[in-house]
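Below, each chain spelled out in residue letters.
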Amino acid sequence: MPGPPLPLTRAVTYTRWLHLLVGAILPFVCGTVYPGLDSPSPGDWGVIAVLPVPLVLAAAMAPSVRRAEGLQARLMLFPGPHARVTSEEDPGVSAIPSASWADRARTGAWLVLRVELGLAVALVTGQLMALSLSLTGAAAGEPEFADPLLMGGSWPRWVYLLLIPVPLLVLVAGAAGAGALIARAARRLLGPSVKERLSALEERTEQLLERNRIARELHDSLGHALTLAVVQAGAARSAADPQFTDRALEAIEETGRAALEDLERVLLVLRETGRPAGARPTLGEAGRLLDSARSSGAQVHAEVSGPLEHVPGPVSREAYRMLQEALTNVLRHAGPVRIGVRIAVADDRLRLEVRNPPAAAASATSATGAGGGSGLRGIRERAALLGGEARAGRDGDQWLLHVVLPLR
């Protein structure tokens, strides 16, 4: 297994180097105005280093500067399409304009660091490249290109020839170190603020919740349709009655068509086509679920009380899915048995009860383990998201699923 590439062979080393050299442009421009670049003294270089600081701090007050610096840092300081070795890791550098004074302060600190470190790297680059050229002149015996100190030495020319790459290697190593430093500083100074991190976390949470909701939708809708189709087909085969078979096939067709509509609606959401995904069913359409269960041979007794039309949309839609999952569980694990359904709206509460013989619950529990499977867990999750509760267990000689949802 090959080891990590050396700094000399990494393209990102040279893009970081270029990024630092670009940061030195402003100090050199200021230096041409004052104190001048004609044989500057160490004190002059100190002035040149200080002159751009007020300018970059003023520029950092513009919100768009942080975005521009973030985009540059992403492109030039971290492995990407320009590098031989790409990285899937998020560089941790924001590309969003400044939204607070803290963002502006961090942008100002970044600009000062980039300018000062870039100036230092530019000066070292110039000195080491000049040294390498002097060694080349000394090796060639050309006094006009060689440093007098080097020409005055007593070393043979081949020694100077061997020393030519040394300043260049030192330069590349220094540039790699400075590049690593500026990349680390970019993560600290241009990284997402606390507000941006919270926003990203909220967005990620919304995505996970949406995926979870879609998974529940598919589980409830398709699971209900397939369960009814299996139960109805088995009942039709065992009945050997043409009329019952016709009714069963008709129920399978209607259930399948409704499941296909739900599937198409979910796929529209996933594709993000911009087209309306269609309305999700509510408790007002609960009769369709009850008729489907009856067509499979189950004896369903339903009792509905209270104004269902006054139930808020989210509560009504989730209650529909809970009823659908409850009927599906009974038919899947017990087949066509007696089922009692009660839907009541009163006292700012929606109460949903589904009763069936305990044999159905025992079968369900044995198949999924104590406490119920994904169906009951999904019902509890839906109820908890709406601030309600759901519980399932024996109630006398019946198995009872009881759900209470607040209407406000």
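Residues numbered from 1 in each chain as written. Predicted model: local features only at pLDDT ≥ 70, side-chain atom pairs only at ≥ 80, totals over all residues. Heavy atoms only, no water.

Draft legend 1. Fine view of the packing of aromatic side chains. Following the criterion strictly, the structure yields 2 aromatic pairs and no others. Centroid distance F28 to W45: 6.0 Å. Interplanar angle 80°. Geometry classified as edge-to-face. Placement of the pair is F28 in helix α2 (residues 25–33) and W45 in helix α3 (residues 42–50), with a sequence separation of 17 residues. In this structure F28 comes out as partly exposed when scored by relative accessible area, which is 26%. A cation over an aromatic ring shows up here: R104 above the ring of W101, its NZ or CZ 4.8 Å from the ring centre. (Phe/Tyr/Trp six-rings, centres within 6.5 Å; stacked < 30°, edge-to-face > 60°. Helix = DSSP H or I, 4+ residues; strand = E, 2+ residues; numbered from the N terminus. Buried < 20%, exposed > 50% of the residue type's maximum accessible area, 1.4 Å probe, protein only. Lys NZ or Arg CZ within 6 Å of the ring centre and 35° of its normal.)

Draft legend 2. Representation of the side chain of S98 in the model. Counting through the fold element by element, S98 comes out in the loop between α5 (63–76) and α6 (101–140). Looking at S98, the relative accessible area reads 8%, which means it is buried. In contact with S98, other than residues within four places in its own chain, are P63, R66, D103, R104 and T107. (Contact = heavy atoms within 4.5 Å.)

Draft legend 3. Molecular detail of a negative patch on the surface. A surface patch of negative charge is lined by D241, D246, E250 and E254. Relative to the assigned elements, D246 resides in helix α11 (residues 242–271). (Patch = residues over 30% accessible without salt bridge, like charges linked within 9 Å, V, L, I, M, F, W, Y side chains within 5 Å. Areas by Shrake-Rupley, 256 points an atom, 1.4 Å probe, with all protein chains shown as cover. Salt bridge = Lys/Arg side-chain N within 4 Å of Asp/Glu carboxyl O. Lys, Arg positive; Asp, Glu negative; His and termini not counted. Charge placed at Lys NZ, Arg CZ, Asp CG, Glu CD.)

Draft legend 4. Up close: the pattern of salt bridges. Following the criterion strictly, the structure yields 6 salt bridges and no others. Salt-bridge contacts for R114 lead to E69; the nearest nitrogen and oxygen are separated by 2.8 Å. With R114 in helix α6 and E69 in helix α5, the pair connects residues that are 45 residues apart, well separated along the chain. E69 carries the same exposure label as R114, and that label is buried. As a salt-bridge pair, R382 and E318 come within 2.4 Å of each other at their nearest N and O atoms. Of this pair, R382 sits in helix α15 (residues 374–385) while E318 sits in helix α13 (residues 313–334), placing them 64 residues apart in sequence. Note on R382: relative accessible area 2%, which makes it buried.

Draft legend 5. Summary view of the UniProt feature "transmembrane region" (unreviewed entry) in the protein chain. In this structure's numbering, the residues bearing the UniProt feature "transmembrane region" (unreviewed entry) are residues 17–37, 43–65, 117–138 and 158–183. For residues 43–65, the helix share is 83%, the strand share is 0%, and the end-to-end C-alpha distance is 31 Å. Annotated as residues 117–138, this span is 100% helix and 0% strand, and its ends, taken at the C-alpha atoms, are 31 Å apart. (UniProt positions renumbered as here; feature names shortened; annotations may be inferred.)

Draft legend 6. Structural view of α6. Between its terminal C-alpha atoms α6 stretches 58 Å, which fits the 58 Å expected from 40 residues at 1.5 Å a residue. Trailing α6 by a residue or two, G141 shows a phi angle of about 70°, which is positive. (Expected span 1.5 Å × (residues − 1).)

Draft legend 7. View of α13. For α13, built from 22 residues, the straight-helix expectation of 32 Å at 1.5 Å per residue is met to within 8% by its first-to-last C-alpha distance of 32 Å. In terms of residue burial, α13 counts as a mostly covered element, since 17 of its 22 residues are buried. A positive phi of about 80° marks G335, the residue just after α13.

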